[in-house]
Amino acid sequence: MRDKGPTTGLRSTLATLLLAVLVLSGCNSLPFSTPPAIEATDLPRETVVIPARRVGNLLLIEAQWDKRGPWRFIVDTGSSVTLVSSEFASRYAISRKRFVSAPKRVRLATGTERLFPNTVIREFRFGEASFINKPVLVFDASELSAQFGVKIDGILGFPFFGESRIELDYGQPQLRISRSVPDTGRPPEATSYRLEMRTPRITGTLGGSDREFLIDSGSDVAVVLPILDPTLRFSIPIRPGGALGSLSGSTQSLVGRIDGDFAFANHIARNPVVTFGGTESSIGGGILSLFTVVFDTREKWVALVSAGASPLTPTSLRHAGLSFTKTPAYWRVDAVVPGSNAETAGVRVGDLVVRINGEPVSRWPLARFDAHVRRAEELVYTFLHGTRERPATIPPFDLVPTAAASPAPVQ
């Protein structure tokens, strides 16, 4: 179990990740170059265990079933579609000669729209589990790979798993896939979910009001609300946070700590940190990662299973004070948190970082940088100005403390 509590809200690292992709109705597409095939999930045994890697509050699974790869995919229950890189599609699409049809128009988590080519992948194979004839969208995964510091080949949306039982075990970490058996094995923690746009939603109570929340394992935050709600009270006032990153770019976020409880799926979180941004209310990996999350997609229930204490208690939200757009050679500063040590040090948007603690930024994947932000007293950044390099020692800080001494609210 990480030392990062259920109310961490915004990522303490490069940028909050909101990966959910929602397909719009009425999208423009042509028939596939080959006849549509029937989707199927092949499990040779009752339960198949797929090892995973935890990156921040996200789960990443890896597979290699031939001489190509390995291929790495983010498990994103907040996405109604599955996306793959053009490299992956060119190798495993049903038709090699013409592996994509006309593009589909989709709406991203930030509310913007983009066109993506679409095709059908004849098989994904994760260990003993095979997922056959899966429709996908094709996207450029290079920016997402740069953010993670590891090559990403796709995003597995909620419908990918068909009618099965899936368990996102963040503690192991691993993904378990089982056959769904009607009316058996429903745990006491289970609550029914509703499908909208082919993604799961449950009712939660925040600030004394019932709201519908998307269960979004592709978001790295704890709780997201789309707009500021004047009925909510805050124990730690709202303030600017880091950048919200998505497939369509990044936007500035706001964060604050709610004065009150968040009740969801038979659990309670005390005084959660809320991030304002995106297009709808959601529960992300900042909370989900404290549980084993079990979905039964046939019976339409979800259970958040934990051996830990209840209710969940707040912890401080650490932050570097900076958000970045990454390349292998340098990280470009996208946002500087007002009132942070980075602002005091004179860092500006557009500045370039080439080394951290004396090592090239290419040696700092997201998971490593995140761990240092959470635990280290300070980080030494080397900034590049023209041909000159300038080191700056910048301590991480509590962007949202647990209580009491807090920054001034946003005006």
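Everything numeric in this text was worked out from a predicted model, so none of it was measured.

A. Fine view of the nonpolar core. Within the largest apolar cluster, 59 residues are counted, with the highest numbers of intra-cluster contacts made by F124, F126 and F264. Among the elements that line this core, the one with the most residues is strand β10 (residues 129-139), at 4 residues. Once residues lying within four places of it in the same chain are set aside, the contact partners of F264 are A269, I283, I287, F291, L304 and L312. Counting residues in hydrophobic clusters, the runner-up holds 19 residues, among them V333, V361, F383 and A392.

B. Inspection of unusual backbone geometry at higher detail. Backbone torsion omega between G69 and P70 reads 5 degrees, so that peptide bond is classified as cis. Cis geometry marks the peptide bond from Q172 to P173, where omega comes out at -15 degrees. Turning to its location among the elements, P173 is positioned in the loop between β12 (164-169) and β13 (174-179). Notably, A265 is not glycine yet its phi reads approximately 45 degrees, a positive angle. For A265, the position within the fold is in the loop between β21 (261-264) and β22 (267-270).

C. Region of interest: the packing of aromatic side chains. Taken as a whole, this structure holds 27 aromatic pairs when the rule is applied. Arranged with centres 6.4 Å apart and planes meeting at 70 degrees, the rings of F126 and F160 form a pair that is edge-to-face. Within this pair, whereas F126 is found in strand β9 (residues 113-126), its partner F160 is found in the loop between β11 (154-157) and β12, the two being separated by 34 residues in sequence. For F126, a relative accessible area of 1% corresponds to the buried category. Among the residues examined, F160 registers a relative accessible area of 3% and is labelled buried. The interplanar angle of 70 degrees and the centroid separation of 5.2 Å between the aromatic rings of F158 and F295 together place this pair among those described as edge-to-face. Within this pair, whereas F158 is found in the loop between β11 and β12, its partner F295 is found in strand β25 (residues 292-296), the two being separated by 137 residues in sequence. Judged by relative accessible area, F158 falls into the buried class, the value being 5%. Sitting over the face of the ring of F160, K134 holds its NZ or CZ atom 5.4 Å from the ring centroid.

Rules of the game
Residues numbered from 1 in each chain as written. Predicted model: local features only at pLDDT ≥ 70, side-chain atom pairs only at ≥ 80, totals over all residues. Heavy atoms only, no water. Core = buried A, V, L, I, M, F, W, Y, C linked by side-chain atoms within 4.5 Å. Buried < 20%, exposed > 50% of the residue type's maximum accessible area, 1.4 Å probe, protein only. Helix = DSSP H or I, 4+ residues; strand = E, 2+ residues; numbered from the N terminus. Contact = heavy atoms within 4.5 Å. Phe/Tyr/Trp six-rings, centres within 6.5 Å; stacked < 30°, edge-to-face > 60°. Lys NZ or Arg CZ within 6 Å of the ring centre and 35° of its normal.

Taken by themselves, the reported measurements are silent on function.
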